[in-house]
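So you can see what is in the structure, the chains are spelled out below.
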Amino acid sequence: MTSSNDSRPTTLVIGATGRHGRTGAKVVEQLLAHEHHVRVLARSTGEHTDLLVRQGAQVLVGDLLDRRTLGEVVDGVDAVYFTYPIAAGALPAAANLASVLRAAQLAPRFVVMSMGPSMADSPSALGRAQWMAEEVLSWAGLAPVVLRVGALFYENIPLLHGSSIRATGTFANNFGSGRAPWISGQDAADLAVAALLDPDRYPAGTISYPGGVELRSHAEIADMIAAEIGSPVEYAYISQAEWQAELEARSDTGVINPAMAQHISAVAERFAASGGAAPTRQSDPQAVADAIGHAPLSFAEFIRASRDDFARR
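What you see is a predicted model; the values in this text were computed from it and never measured. (Residues numbered from 1 in each chain as written. Predicted model: local features only at pLDDT ≥ 70, side-chain atom pairs only at ≥ 80, totals over all residues. Heavy atoms only, no water.)

Draft legend 1. Main features of the overall build of the chain. The helix and strand tally for the chain stands at twelve helices and twelve strands. In summary, the chain has a C-alpha radius of gyration of 19 Å against a globular reference of 20 Å for 313 residues, a match within 12%. If one aligns the C-alpha atoms of the chain with their principal axes, the spans along those axes are about 60 × 40 × 40 Å. Pairs at least 24 residues apart make up 76% of the contacts formed inside the chain by residues separated by at least 6 positions. Carbon and sulfur atoms make up 50% of the accessible area of the chain, which totals about 13,600 Å². Within the chain, one finds 24 positive and 33 negative side-chain charges whose respective centroids are separated by 2 Å. (Helix = DSSP H or I, 4+ residues; strand = E, 2+ residues; numbered from the N terminus. Rg over C-alpha atoms; globule rule 2.2 N^0.38 Å. Contact = heavy atoms within 4.5 Å. Areas by Shrake-Rupley, 256 points an atom, 1.4 Å probe, with all protein chains shown as cover. Lys, Arg positive; Asp, Glu negative; His and termini not counted. Charge placed at Lys NZ, Arg CZ, Asp CG, Glu CD.)

In structure tokens, the structure reads:
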């Protein structure tokens, strides 16, 4: 709890310890810079939360899938940032959080980091679950601001393909030759912070569809990585079943899981089937820059900063 004479808002950040894009951790950093009290929900403490504490965040242990652990976590919050891992469980997590907020008679500003495939008829099971989670939050009267980011994260490349590029100079998936929209996790986090801080631009209860910063095919990305590391890198197309199976075989990494494997391969298949003209095919760097207040990170800049994730070892 904060002091009664402290007027700074308290924002609960859910997803601050996630490793896919690390948007939650970046939201924490930005909110602290804006002089918010930041409370982080984590399932455990340790090295993954130590930096957040050193930065000035309060870390409370709880589990979105266990409503009994959430009472203290939501106590007195003024705003909530909600992002769920690319994993199963978004629907019960949202229901538990909505339930405990209603029981506490709280109506905080609520921002959801969503995804383009969040649709009732999404080919991704996680996309359908995310859509239903957002419905539950709305039914609970929380009027969430939903950011359905219609772009892939740059971070997907080292996460999903870095080990293959380092080992063989090749990587494969079923996106095919189409040019997909891309954005960095940092810029996606800045979009979320803008939504938390600017209710006039992002009114409660609205859904927006931020686009990407660049359109790039995976073959183009391979060429960009090759130019940076000074070694050949090649992209190859494989079927959805092949890529899903490959990812499922890596589910013991702690980041990749079977639900993620189905999700990303299904998204890729829809994109490939559309010939690169899927509904999320949009890129407007100026719109992103206007929203976050600075030029977004380019893919080339990201690859340069992530060079060690791709270079031969």
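Draft legend 2. Summary view of the sheet that holds strand β9 (residues 180-183). Ordered by their spatial adjacency, three strands build an open sheet running β7-β9-β11, and the pairing between neighbours is mixed. Each of the sheet's edge strands pairs with one partner strand only, and the pair in question is β7 (152-153) and β11 (214-216). Both β7 and β9 contribute to a ladder of two bridges, which runs parallel. Across the sheet, residue Leu-152 finds its bridge partner in β9, namely Trp-182. Across the sheet, helix α7 (residues 185-197) is in contact with β7 and β9; its angle to β9 comes to roughly 75°. (Pairing = 2+ DSSP bridges. Axes fitted to C-alpha atoms, helices over the stretch in contact; angles between N-to-C directions.)

Draft legend 3. Quick peek at the packing of helix α5 (residues 125-139) against helix α10 (residues 258-273). In contact at an axis separation of 7 Å, α5 and α10 are set at 100° when each is read in the N-to-C sense. In terms of their interaxial angle, α5 and α10 are classed as roughly perpendicular. Here α5 contributes Ala-125, Leu-126 and Gly-127 to the contact with α10, which in turn contributes Ala-259, Met-260, Gln-262 and His-263. A per-class count over the contact of α5 with α10 returns four nonpolar, three polar and no charged. (Parallel < 35°, antiparallel > 145°, perpendicular 65-115°, else oblique. Nonpolar A, V, L, I, M, F, W, Y, C, P; charged D, E, K, R; others polar.)

Draft legend 4. The arrangement of the pattern of salt bridges in detail. Using the criterion set out here, one finds seven salt bridges in the structure. When the shortest N-O distance is used, the salt bridge between Arg-148 and Glu-134 registers 2.8 Å. With a gap of 14 residues between them, Arg-148 in strand β6 (residues 145-149) and Glu-134 in helix α5 connect regions that are remote in the sequence. A relative accessible area of 7% places Arg-148 in the buried class. Arg-304 is the partner of Glu-228 in a salt bridge, and the nearest nitrogen-oxygen pair spans 3.8 Å. Pair noted here: Glu-228 is in helix α8 (residues 218-229) and Arg-304 is in helix α12 (residues 299-305), with a separation of 76 residues, a long-range link. Connected via shared salt-bridge partners are Glu-228, Arg-304 and Arg-307. (Salt bridge = Lys/Arg side-chain N within 4 Å of Asp/Glu carboxyl O. Buried < 20%, exposed > 50% of the residue type's maximum accessible area, 1.4 Å probe, protein only.)

Draft legend 5. Here's a closer look at the sheet that holds strand β4 (residues 79-82). Across the sheet, seven strands lie side by side as β3-β2-β1-β4-β5-β6-β10; this open sheet has parallel pairing. Both outer strands of the open sheet, β3 (58-61) and β10 (207-208), are each paired with one neighbouring strand and no more. The pairing of β4 with strand β5 (residues 109-115) spans four bridges and is parallel. Note that in β5 the partner of Tyr-81 across the bridge is Val-111. Sitting on the sheet, helix α4 (residues 90-103) is in contact with β1 (10-14), β4 and β5, with an inclination near 175° to β4.

Draft legend 6. Focus on the packing of aromatic side chains. Enumeration over the complete set of coordinates arrives at eight aromatic pairs. Aromatic side chains Tyr-154 and Phe-302 sit 5.5 Å apart centroid to centroid with 45° between the ring planes, which places their arrangement in the tilted category. Linking Tyr-154 in the loop between β7 and α6 (156-168) with Phe-302 in helix α12, this pair joins segments that are 148 residues apart in sequence. Of the two residues examined, Tyr-154 and Phe-302, each falls in the buried class. (Phe/Tyr/Trp six-rings, centres within 6.5 Å; stacked < 30°, edge-to-face > 60°.)

Draft legend 7. Main features of the environment of Gly-176. Among the structural elements, Gly-176 can be located in the loop between β8 (170-173) and β9. C-alpha separation for the pair Gly-176 and His-36, spaced 140 residues apart in sequence, amounts to 43 Å. Among all residues touching Gly-176, those that are not within four sequence positions of it are Tyr-235 and Tyr-237.

Draft legend 8. Looking closely at helix α1 (residues 23-33). Of all the positions in α1, only Thr-23, Gly-24, Ala-25, Lys-26, Val-27, Val-28 and Leu-31 are classed as buried. Summarising the contacts, the buried residues of α1 are in contact with β1, β2 (37-42), α2 (47-55), β4, β7 and α7. One or two steps after α1, the chain reaches Glu-35, where phi turns positive at roughly 65°.

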